[in-house]
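Coordinate analysis (summary)
So the chains spell out like this:
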Amino acid sequence: MFGAGGGTVSYKEIEEVDVVLLWGSNAREAHPIFFHHLMQGLRNGAQMFAVDPRRTSSSKFADVWLGLDVGTDIAMANAVAREIIHAGLVNQSFIDHSTDGFEVYKESVEPYTLDVAEQITGVPAKAIREMAHAYATAEKAQILWTLGITEHHNAVDNVLALCNLALLTGHIGTWGSGLVPLRGQNNVQGGGDMGSLPNKFPGFQDITNNEHRAKFEAVYQTELHAEDGIHLTLMFEAMERGDLTAAFVIGENPADSEANIDHARKMLTGLDCLVVQDIFMTRTAELADVVFPASVAWAESHGTVTSSERRVQRTRPAVTPPGEARHDIDILGALAERMGVDLTDHGCALEPEALWNELRSLSPMHAGMSYDRLESENGLQWPCPSLDHPGSPFLHGWLWEDDLGGRGPAPFSVVEHAGPNEELSDEFPMRLTTGRSLDSYNTGVQSNGFDSPIRYGDELDINPADGSALGIVDGERVEVSSARGTVEMAVRFQPDIPQGLTFTTYHFPDLVDINKLTNDTWDKRSGTSEFKAASIRIDKLDPAPAAN
């Protein structure tokens, strides 16, 4: 919608905000550093609305919790938009000057009355109305989201629905107001910025743009493909067709992290060649033909990381890498040399600062970020196009310029409610959603398997009333099934979870392969699977046979 994939505000701004919509994000557990800044904003008087199917630990800090049914976010957002429009709370001057498509969008949200939204989402109309008025009338307001919005079959539409609310109210492009997609790890943002996306060069420059491609071809002295590459989900589809027969996996554990994991493992084991480069012997590495032990833990390497607020910061080694582990740069350089290519032929040494300076020469939004400046100024936020530029705490101020910065208006997007791809049924009558916990990390590669595991992670949270109806007791081990597989795990009675909904983390695949159950239906634009909405059944386990 705005031309760059990054949060539009800085962490400092959340401390000075008036209204926060925390939507599909348990930030206290999934993004604890950011949540400290959010807590400061709440202490300074900010009002927070938490939109989440579960009453999470973050929701307990909110003024209002809107516990919507899984997969009904668009209906909620469209109802908020309709209420803002009907109450006369839109920022009409901003809409007229800075946006396009308002009338068509206005017509599209008309069916989403508060009563209709209550029927679809399960949230009282009064609460939706309160959130709509608070957000629209605030001087400074932000919408924060994470995987609760993006891990759905209509993930892009979910995000666009939230962006529409910012356009409707003008809460974008000014200090304190904006849109904040929180990143799940300390350098997820940096990974995208550096060109790991299949359709972008570093700096979010389109591969299909002839000028962009020519610039990179001149530096690397080779012709580059003019068409987009494929993302991870399409890679697995290509494996299944036999079109992709080799994979090089760096710092990723798809043998545990993919939805419908049995299918993903089958595809990985069927490759002609699988190479894994990582700091631990992951389950993916165990399937590999070749494993390169890397030294890219944050405490082992020189380089940079980029946070959710687009702040680029230096990293330096604090410990020596173990054994024969080598830095990613060294591994890739040596591999290229074995394949007959010298990666330094174009004049750039395989050394962190030299590579960073090469990036700066190719990515305009990083051009002003020298190592000296990153050091002396405690990091800088992109875009920072020149050495005398201060960096950008917030984005898209051009929306308020007379000529829109020469970029044209931001478009409203018509998006319609579509519930979870997998409906509940007599066979699978309960909903499973997954997420993170504060004390663990992704598939457990960096937080499990040590002498003192922090948390025992094979528990399924259910409402006590559901447990009673199923004839099971708190802590009992049960069989949990979906259309894709079955696992055994213990139940944990949790009154903060609504009836009909279940929840667990995905941090402990060594204890429970929860992704045997998750839905691999995926959004055709983002490539993200619908981890947040699987249909399941819970069955009592047969009693163990009596001892003789």
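All values reported here derive from a predicted model rather than from experimental measurement.

Points about the overall build of the protein chain
Summing up its helical and strand segments, the protein chain has 20 helices and 23 strands in all. Projected onto its principal axes, the C-alpha coordinates of the protein chain cover approximately 75 × 70 × 45 Å. Here the protein chain holds 548 residues, and the buried ones make up 53% of them. Across the protein chain, every contact between residues at least 6 apart in sequence was considered, and the portion connecting residues at least 24 apart equals 70%. When the accessible surface of the protein chain is split by element, carbon and sulfur atoms take 51% of a total near 24,500 Å². The centroid of the 40 positive side-chain charges in the protein chain is displaced by 3 Å from the centroid of its 80 negative side-chain charges.

Section: the sheet that holds strand 9 (residues 246-250)
With parallel pairing, three strands are arranged side by side in an open sheet as 9-10-11. Every interior strand has two partners, whereas the edge strands, strand 9 and strand 11 (290-293), have only one. Sheet twist, expressed as the mean angle between neighbouring strand axes with direction ignored, is 10 degrees. Relative to strand 11, strand 10 (residues 273-278) is paired through four bridges, and the arrangement is parallel. Bridge assignment links Gln277 to a residue of strand 11, and that residue is Phe292. Most of the contacts of helix 17 (residues 328-338) go to strand 9, to which it runs at about 155 degrees, and overall it touches strand 9, strand 10 and strand 11.

Description of the pattern of salt bridges
Summed over all chains, the structure comprises 23 salt bridges. Lys12 is paired through a salt bridge with Glu15; the nearest N and O atoms lie 3.4 Å apart. Using a relative accessible area of 15% as the deciding quantity, one classes Glu15 as buried. A salt bridge links Arg311 to Glu309, with the nearest nitrogen and oxygen atoms 2.7 Å apart. The pair Arg311 / Glu309 is uniform in exposure class, with both members buried. By sharing partners, the salt bridges in this structure join Asp256, Arg265, Arg283 and Asp513 into a single network.

Observations concerning the packing of helix 4 (residues 73-86) against helix 6 (residues 102-109)
In the contact formed by helix 4 and helix 6, the axes pass within 9 Å of each other and the chain directions differ by 110 degrees. In this view, helix 4 runs roughly perpendicular relative to helix 6, as classed from their interaxial angle. Read as a crossing pair, helix 4 and helix 6 show a hand that is left-handed. For the pair helix 4 and helix 6, the contacting residues are Asn78, Ala81, Arg82 and Ile85 in the first and Phe102, Tyr105, Lys106 and Val109 in the second. By residue class, the composition of the contact of helix 4 with helix 6 is five nonpolar, one polar and two charged.

A few points about the sheet that holds strand 16 (residues 430-435)
With respect to topology, six strands assemble into a closed barrel ordered 16-20-17-19-18-23, the strand pairing being mixed. The mean inter-strand angle of the sheet, taken between neighbouring strand axes irrespective of direction, is 45 degrees. Of the strand pairs in this sheet, strand 17 (residues 459-462) and strand 20 (residues 501-505) are connected by two bridges, and their pairing is antiparallel. Among the inter-strand pairings, Ile462 is bridged to a residue of strand 20, identified as Thr502.

Regarding the pairing of strand 17
Sheet topology places strand 17 next to strand 19 (residues 486-493); four bridges connect them, and they run parallel. Within the sheet, the bridge partner assigned to Leu460 lies in strand 19 and is Val491.

Reading guide: rules and limits
Per-chain numbering applies: the sequence of each chain, read as written, is numbered from 1 onward. Per-residue local features are limited, in this predicted model, to residues with pLDDT of at least 70; the limit for side-chain atom pairs, both in listing and counting, is 80 or more; totals at the level of whole chains, interfaces and linings are taken over all residues. As a rule here, side-chain values come from all non-hydrogen atoms in the structure, and water together with hydrogens is ignored. Numbering of helices and strands runs from the N terminus, with a helix taken as a DSSP run of H or I at least four residues long and a strand as a DSSP run of E at least two residues long. For each residue, the accessible area found with a 1.4 Å probe, counting protein chains only, is set against the maximum for its type, and the residue is called buried under 20%, exposed over 50%, and partly exposed in between. Contacts are assigned to residue pairs that have any heavy atoms within 4.5 Å of one another. For accessible areas, the Shrake-Rupley method is used with a probe of radius 1.4 Å. Any residue's cover is judged against the shown protein chains and nothing else. Lys and Arg are tallied as positive, Asp and Glu as negative. Neither His nor the chain termini are counted. A charged residue contributes its charge at one atom only: NZ of Lys, CZ of Arg, CG of Asp or CD of Glu. Any two strands with at least two DSSP-identified bridges between them are counted as paired. A fitted line through C-alpha atoms serves as each axis, taken over the contacting stretch for helices, and the angle formed by two N-to-C directions is quoted from 0 to 180°. The term salt bridge refers to a side-chain nitrogen of Lys or Arg lying within 4 Å of a carboxyl oxygen of Asp or Glu. Orientation labels follow simple angle bins: below 35 degrees gives roughly parallel, above 145 gives roughly antiparallel, 65 to 115 gives roughly perpendicular, and whatever is left gives oblique. A crossing counts as left-handed when the near helix is turned anticlockwise from the far one by less than a right angle, and as right-handed when that turn is clockwise. All amino acids are sorted into three groups, where Ala, Val, Leu, Ile, Met, Phe, Trp, Tyr, Cys and Pro are nonpolar, Asp, Glu, Lys and Arg are charged, and the leftover types, Gly among them, are polar.

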